[in-house]
Amino acid sequence: MAHADPDLLTLLALGEPVPDVSVEDHLRVCATCRSELAALREVATVGRETRAERDLPMPSEDLWTRIAAETGQDTSSVVPLRRRPRRWRAFLAVAAAAAVIGAAGAVAVDRITTAPAASEQVLAQGDLARLASAPDSARGSARVVRTADRTVLRVSVDGMPAPDGLYQVWLFDGAATMIPLGVLTNGQADMPLPETVDLNTYRVVDVSAQRWGQQEHGTSMLQGRLG
Amino acid sequence: MTGASDTVDETTKSFVAGDEGALRAVYERYAAAVLRVASSSLPSRADAEDVVQTTFVTAWRSRESFDPAKGSLLVWLLTIARRRAIDLLRAHTRDEQVVRVLHDTGGGSPSDEPVRPERIVDRMVVLEAIGELPPQQRQVLLLAFYDDLTHEQIAATTGLPLGTVKSHLRRGMTRLRQRWEVDGGAR
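Everything quoted here is computed from the prediction, not taken from an experiment. Numbers given for residues are sequential positions, taken from 1 along each chain in its written order. Starting at A for chains and at 1 for ligands, labels are handed out in the order in which the entities are written. Since the coordinates come from a predicted model, pLDDT governs what is reported: local features require at least 70, and pairs of side-chain atoms require 80 or more to be given and counted, while whole-chain, interface and lining totals use all residues. Calculated side-chain values reflect all of the structure's heavy atoms, with hydrogen atoms and water omitted.

A. Layout of the overall build of chain B. For helices the rule is a DSSP run of H or I covering at least 4 residues; for strands it is a run of E covering at least 2, with both sets numbered from the N terminus onward. In terms of regular secondary structure, chain B is built from nine helices and zero strands. Ordered by position in the sequence, the α and β elements of chain B form the string α-α-α-α-α-α-α-α-α. Within the span of chain B, comprising 187 residues, buried residues form 55% of the whole. Partitioning the contacts of chain B with sequence separation of at least 6, the portion at a separation of at least 24 is 69%. Whether a residue is buried, partly exposed or exposed follows from its accessible area with a 1.4 Å probe, protein chains only, as a fraction of its type maximum: under 20%, in between, or over 50%, in that order. The contact definition used throughout considers only heavy atoms, calling two residues in contact when any of these lie within 4.5 Å.

This is the structure we're talking about:
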């Protein structure tokens, strides 16, 4: 007897409906596949729960000093802790970034833009969530606004440090292509949207830190999805 | 099964060897996870940080007893932290108020439902395994986990072919399961 397709078992474990009734028939008679599915469901459940654990705080700064003193570590010659890459935090941040790109992943931040003028119509909007390179205080929002004569992407950010170079706003298709829209100054800017850009495809707004003269996309600071 | 030995990286090796800087590297990688597990049973932040301190000091002094064949360094540290937290709880047992607080809140962050500390350990293991997946596989899996997207929605969002999405999901889940089962067996 052939066992169930592992791809289908994975989808079932993730809670997707699988229209192939022969899989259900097979599961009724095959204990091996049933236990396989049960194990994968457990993994999916714990995997989903990790969402709550993505932004774990580090212990207070002086804890390392206490540990170093107790274990006789040399604290004089090493690079200060905060300047070294934090692998744990880094992959948590990656997780956060991936989640933001998804449909329901927008991280709620307080609205920081003022209400649009009466003559304007908001076509889409989204909060921008902080990525790994941005300080904890960073936040932002983006709106697609139709004014009397044009459509703009209105981006507003707050809590961002002065850039070494500049901050640039991009539209991103979530996969491979990024469209540069313009430079963000004083935390806010209206950027004209070319009519040829399909916002159903380019739904992710990205704010990046760019070095002077850097043509390609730099370091993402904030990201969010228009909805 | 390859056991946990395929997860032994340079940091872990240099930790066991007692290299200079290795404890610091391990601390940076895992202190947040150790604190999370300690906090899940100890409502006082000061107590939880004491457990973190004891855990890393104990781990460093007994590093030669760490056996990568039995589980990952992360789980070894979290196991030490759990034991220390339980020791501390026993010391507090006469203080009924502490016990009541524990039962009321289950520890952990205030926004959380009460979660058993063992479950927090499971989450840390899976979270680390997620972080070690190839980036595209990880992104696909997280869109399923965190955003509840179906494989078709993931394909539409990422522009990846359906078959690629399905295979990323399967491989990612298989990898998480391997890591979890290996490290689950260590407890």
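B. Geometry of the packing of helix α4 (residues 73-92) of chain B against helix α6 (residues 117-131) of chain B. Residue and element names in this part refer to chain B. Packing of α4 against α6 leaves a shortest axis separation of 10 Å and a crossing angle of 160°. With respect to α6, the axis of α4 lies roughly antiparallel. For the element pair α4 and α6, the recorded crossing hand is right-handed. Residue-level inspection shows Leu74, Val75, Leu78 and Arg82 of α4 in contact with α6, the latter providing Pro117, Glu118, Val121, Met124, Val125 and Glu128. Each residue gets one label: Ala, Val, Leu, Ile, Met, Phe, Trp, Tyr, Cys and Pro are nonpolar, Asp, Glu, Lys and Arg are charged, and the others, such as Gly, are polar. Classifying every residue of the contact of α4 with α6 by side-chain character gives seven nonpolar, no polar and three charged. As a rule, the C-alpha atoms of each element are fitted with a line to give its axis, helices using only the stretch in contact, and angles between N-to-C directions run from 0 to 180 degrees. Roughly parallel refers to an angle under 35 degrees, roughly antiparallel to one over 145, roughly perpendicular to one between 65 and 115, and oblique to any angle outside these ranges. The handedness criterion is simple: a crossing whose near helix is rotated anticlockwise from the far helix by less than a right angle is left-handed, and one whose near helix is rotated clockwise is right-handed.

C. Representation of the nonpolar core in the model. Take the buried residues of types Ala, Val, Leu, Ile, Met, Phe, Trp, Tyr and Cys, join any two whose side-chain atoms come within 4.5 Å, and each joined set is a nonpolar core. Judged by nonpolar contacts, the single largest core of 81 residues is most densely connected at Phe15(B), Tyr27(B), Phe56(B), Phe145(B), Leu169(B), Met173(B) and Leu176(B). The element best represented in this core is helix α2 (residues 22-39) of chain B, accounting for twelve residues. Counting residues in hydrophobic clusters, the runner-up holds 25 residues, among them Ala134(A), Ala138(A), Met191(A) and Leu226(A).

D. How the structure looks around unusual backbone geometry. A positive phi angle is found at Asp148(B), which is not glycine, with a value near 55°. Here Asp148(B) lies in the loop between α7 (135-147) and α8 (151-158).

E. Here's a closer look at the pattern of salt bridges. Any carboxyl oxygen of Asp or Glu within 4 Å of a side-chain nitrogen of Lys or Arg constitutes a salt bridge here. Summed over all chains, the structure comprises 21 salt bridges over all chains. A salt bridge links Arg177(B) to Glu36(A); its shortest N-O distance comes to 2.8 Å. Placement of the pair is Arg177(B) in helix α9 (residues 162-184) and Glu36(A) in helix α3 (residues 31-49), with the two residues belonging to separate chains. Of the residues examined, Arg177(B) reaches a relative accessible area of 17% and is grouped as buried. Of the residues examined, Glu36(A) reaches a relative accessible area of 31% and is grouped as partly exposed. The partner of Glu53(A) in a salt bridge is Arg36(B), and the shortest N-O contact between them spans 2.5 Å. Remark: Arg36(B) occurs in helix α2 and Glu53(A) occurs in the loop between α3 and α4 (61-71); the pair is interchain, linking two chains. Each of Glu42(A), Glu49(A), Glu53(A), Arg36(B), Arg119(B) and Arg123(B) takes part in salt bridges that share partners, so that together they form one network.

F. Quick look at the packing of aromatic side chains. Think of it this way: a Phe, Tyr or Trp ring, Trp meaning its six-membered ring, pairs with another when their centres are within 6.5 Å, and the plane angle makes it stacked under 30 degrees, edge-to-face over 60, tilted otherwise. Enumeration according to the criterion identifies four aromatic pairs over all chains in this entry. When the ring of Tyr27(B) is compared with that of Phe56(B), the centres are 5.1 Å apart and the planes differ by 70°; the resulting orientation is edge-to-face. With Tyr27(B) in helix α2 and Phe56(B) in helix α3 (residues 45-61), this residue pair connects regions lying 29 residues apart in the sequence. Judged by its relative accessible area of 0%, Phe56(B) is buried. An aromatic cluster of at least three residues, connected via ring pairs, comprises Trp64(A), Tyr27(B) and Phe56(B). Charges are assigned to positions over rings by a cutoff of 6 Å between ring centre and Lys NZ or Arg CZ, combined with an angular limit of 35 degrees from the ring normal. Taking NZ or CZ as reference, Arg54(A) lies 4.8 Å from the ring centre of Tyr146(B), over its face. The ring centre of Trp60(B) lies 4.1 Å from the NZ or CZ of Arg63(B), which sits over that ring.

G. Structural view of the confidence of the model for chain B. Residue and element names in this part refer to chain B. On a scale of 0 to 100, pLDDT captures the predictor's confidence in every residue. Per-residue confidence for chain B averages 84 on the pLDDT scale, and 83% of its residues sit at or above 70. Highest mean pLDDT in chain B belongs to α3 (96); lowest belongs to helix α5 (residues 96-105) (52). Note that residues 104-112 has pLDDT below 50 and, in this model, 13 contacts with residues that lie over four places away or in other chains. Two summary scores accompany this predicted model of the complex, namely pTM at 0.62 and ipTM at 0.85.

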